[in-house]
Each structure stands twice: as structure tokens, then as C-alpha cells.
Amino acid sequence: MTSDPTTSRTAVVTGASSGIGAATARALAAQGFHVVCAARRTDRIEALAEEIGGRAITCDVTDETSVAALAAEVPTIHVLVNNAGGAVGTDRVDAADLDAWRWMYDLNVLGLVRVTRALLPALRAGGDGVIVNVGSTAGRWAYEGGGGYTAAKHAVKVLSETLRLELNGEPIRICEVAPGMVRTDEFSLVRFGGDQEKADAVYAGVDQPLLAEDVADAIAWVATRPSHVDIDELVIKPRAQAAAHKVHRS
Ligand code: 8X3
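How each quantity is defined
- Residues numbered from 1 in each chain as written.
- Predicted model: local features only at pLDDT ≥ 70, side-chain atom pairs only at ≥ 80, totals over all residues.
- Heavy atoms only, no water.
- Helix = DSSP H or I, 4+ residues; strand = E, 2+ residues; numbered from the N terminus.
- Buried < 20%, exposed > 50% of the residue type's maximum accessible area, 1.4 Å probe, protein only.
- Polar contact = N/O pair within 3.5 Å; in protein donor to acceptor, adjacent residues only side chain to side chain.
- Contact = heavy atoms within 4.5 Å.
- Lys, Arg positive; Asp, Glu negative; His and termini not counted.
- Salt bridge = Lys/Arg side-chain N within 4 Å of Asp/Glu carboxyl O.
- Axes fitted to C-alpha atoms, helices over the stretch in contact; angles between N-to-C directions.
- Left-handed = near helix turned anticlockwise from the far one by under 90°.
- Phe/Tyr/Trp six-rings, centres within 6.5 Å; stacked < 30°, edge-to-face > 60°.
- Core = buried A, V, L, I, M, F, W, Y, C linked by side-chain atoms within 4.5 Å.
- Pairing = 2+ DSSP bridges.
- Right-handed = clockwise from strand over helix to strand, strands pointing away.

Engineer: Would you mind showing me how to read the side chain of T14 here?
Structural biologist: Looking at the secondary structure, you find T14 in strand β1 (residues 10-14). For T14, a relative accessible area of 2% corresponds to the buried category. In this structure the side chain of T14 is engaged in a polar contact, spanning 2.9 Å, whose partner is the backbone nitrogen of N83. Those residues in contact with T14 that lie beyond four places of it in its chain are G21, A38, V61, V81, N82, N83, A84 and V115.

What follows is the structure in C-alpha cells.
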């Protein structure tokens, strides 16, 4: 699969080294986009970029200089997928590990703001832009022990709404794609500090949690609607999950 950056529409995907980000890079490339894969882990994004005929740019969304360097490399884009994010810990509010909470806010919220602020000129230059913010059902409901992550993902929802208001009148659409339970290699493993048993328990007995590809499919759909069609929000969960506390397990 190859794409020519001079003739294709260009998409930037953050957090493209694994999970939903990598699947989204593949899905957008399959739709003909030239995909810029941005993430910290250079080896992974280089392999992915080679596979999909895209480009790898090492980028840490928590670092202003790194984000500025990304922006300098992509003067014109059409799609920005703010996917970089993650959770760490399950501490209650009364035992909050503020370093962990700060990490989550910086990555999920300020990272999104940093990248969006830096790439808005490139989206404007593209003349018809779509920003897809990867939120979460954690931005729709609360659950015990989730405070640091749910607060950050609620912020992603509100930021998406704010951006939509502020950019009204410009040819840029904002969508928040909010997945529920998605089984990826890393999300729960990172959350539980590398404890595979705890990570596996999240999905125990659940008939078909979503896969990264399911969410990527939704993002690619959003990114390929006609220019006048704005998909504000898309909540996507496995059939087995009705709510945070209502997950059918066999
Ligand atoms: C992940 C959803 O339920 O683990 O974004 O918070 S949840």
C-alpha cells in the first residue's frame, strides 16, 4: 500500500505506535490517506509507516518542543486524530496519587491541546479539516477508582465541544469518538503497571470486547463523511457492555 503525499489527503495520528492509534493509521491509509504516524516509539512507527506507505515522526505529545517539531514537518493536513492517551492506576479520590493524575491530565488533555494548537494552521491550510479526538465512555460516566482518568476524559469531551464552538465558521469539523471496553495490548497493562493478570481480569468472561480495529473503522468513517457532515460524538461499546457497571460476563 502506498500513498503519495502530493496527491493524497494527509492525516496525522498521535499515539500511532500501538492499539487504536496503529489501527487507525492502517484504516486511514486503506481509505487513501497519506498517514503521518506520530508517537514516542520510533521503531514501531517506522515499521508501521513502511507497511502503510506513510511517514513516521517521533513525537511526545507531552513535550512542547517535540510537538512544535511535528508541526514544522506537516504544513498542510486534512485529518488530525488526537489518539495519544492512557490511564494509570485505579486509586480512589481519597487516596489519589497526584503524580499519576497529573500524568493522565498532561497526556490526555494537555497533549490534545498542544497538538491541536500546533496543527490548526496546517488544518486551515488544508481547507477542509477533521479533528477526531479519541475520548472514552470514561468521559460519559463515573466509576469508583476511575477518578483520575474519568476526569481527564470528561475534559476531552468538553474540549471537543469548546473547539467546535470556537472554530464555527471555519471549514474544520470536530468529532469525539468515545470507546468503551476495547481490548488492546497495552491500555489495561499500562493502567495496572504491567500486571498482566489484573489487565486480563478487565475483560474476563466478556463476549468479544471491542478491538482496536472496530474503533479505527469508526474513526475512518467519521473522517470520510462529506465536508458538510459533522459527526459530533460517537460512543462505541461492545454489545456486552451497557454501562460502566453493567457488563455481561459469562
Ligand atoms: C477505557 C474505558 O471503562 O476502562 O477508555 O474507563 S474504561
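Engineer: Please clarify how the side chain of D91 should be interpreted in this entry.
Structural biologist: Within the secondary structure, D91 is located in the loop between β4 (79-82) and α4 (98-126). Buried charge without a salt bridge: D91, with R191 as the nearest opposite-charge side chain at an N-O distance of 7.5 Å. A distance of 2.6 Å separates a polar atom in the side chain of D91 from the backbone nitrogen of D97. At 3.3 Å, the side chain of D91 and the side chain of W101 are in polar contact. Sequence-distant contacts of D91, defined by excluding residues within four places in its chain, comprise A96, D97, W101 and G145.

Engineer: What exactly am I supposed to notice about the packing of helix α3 (residues 64-73) against α4 here?
Structural biologist: When two helices pack together, their arrangement is given by the angle between the helix axes and the distance between those axes. Two numbers describe how α3 lies on α4: the axes approach to 9 Å, and their chain directions differ by 30°. The two elements α3 and α4 meet at a crossing, and its hand is right-handed. In this structure, α3 contributes E64, V67, L70 and A71 to the contact, and α4 contributes R114, V115, R117, A118 and L119.

Engineer: For this particular structure, what's the right way to read the packing of aromatic side chains?
Structural biologist: In this description, an aromatic ring pair is defined by two values, namely the gap between the centres and the angle between the planes. In the structure shown here, the tally under the stated rule is one aromatic pair. Ring geometry for Y149 and F187: centres 5.5 Å apart, planes at 55°, overall tilted. Here F187 lies in helix α6 (residues 187-191) and Y149 lies in helix α5 (residues 147-166), a separation of 38 residues in the sequence.

Engineer: I keep staring at the nonpolar core and nothing clicks. Help me out?
Structural biologist: Grouped burial of nonpolar side chains is what soluble globular proteins tend to show. Counting residues in each nonpolar core, the largest one holds 38 residues, and the members touching the most others are L28, V35, C37 and V177. Here this core takes eight residues from helix α8 (residues 212-223), the largest share from any one element. Apart from the residues within four sequence positions on either side, L28 is in contact with A11, V13, F33, V35, V79, V81, A220 and A223. Among the nonpolar cores identified, the runner-up in size contains 24 residues, and V12, I57, C59 and A84 belong to it.

Engineer: Is there a simple way to explain the pairing of strand β2 (residues 34-39) in this structure?
Structural biologist: Taken residue by residue, a regular strand's side chains alternate between the two faces of the sheet. β2 sits mainly inside the fold: six of its six residues count as buried. Burial along β2 is two-sided: the face carrying H34, V36 and A38 and the face carrying V35, C37 and A39 are both buried. Across five bridges, β1 lies against β2 in parallel orientation. Looking across to β2, one finds that V12 is bridged to V36. Crossover β1 to β2 through helix α1 (residues 19-30) is right-handed. In the sheet, β2 pairs with strand β3 (residues 55-58) via four bridges, with the strands oriented parallel. Its bridge partner lying in β3, C37 is registered against A56. Considered for its hand, the β-α-β crossover made up of β2, helix α2 (residues 42-52) and β3 is right-handed.

Engineer: Quick question: what am I supposed to make of the pairing of strand β7 (residues 233-236) here?
Structural biologist: What you see with β7 is a clean split: L234 and I236 sit on the buried side and E233 and V235 on the side with no burial. Judged from the four bridges that link them, strand β6 (residues 172-179) and β7 form a sheet pairing that is parallel. Bridging across to β7, P179 finds its partner in I236.

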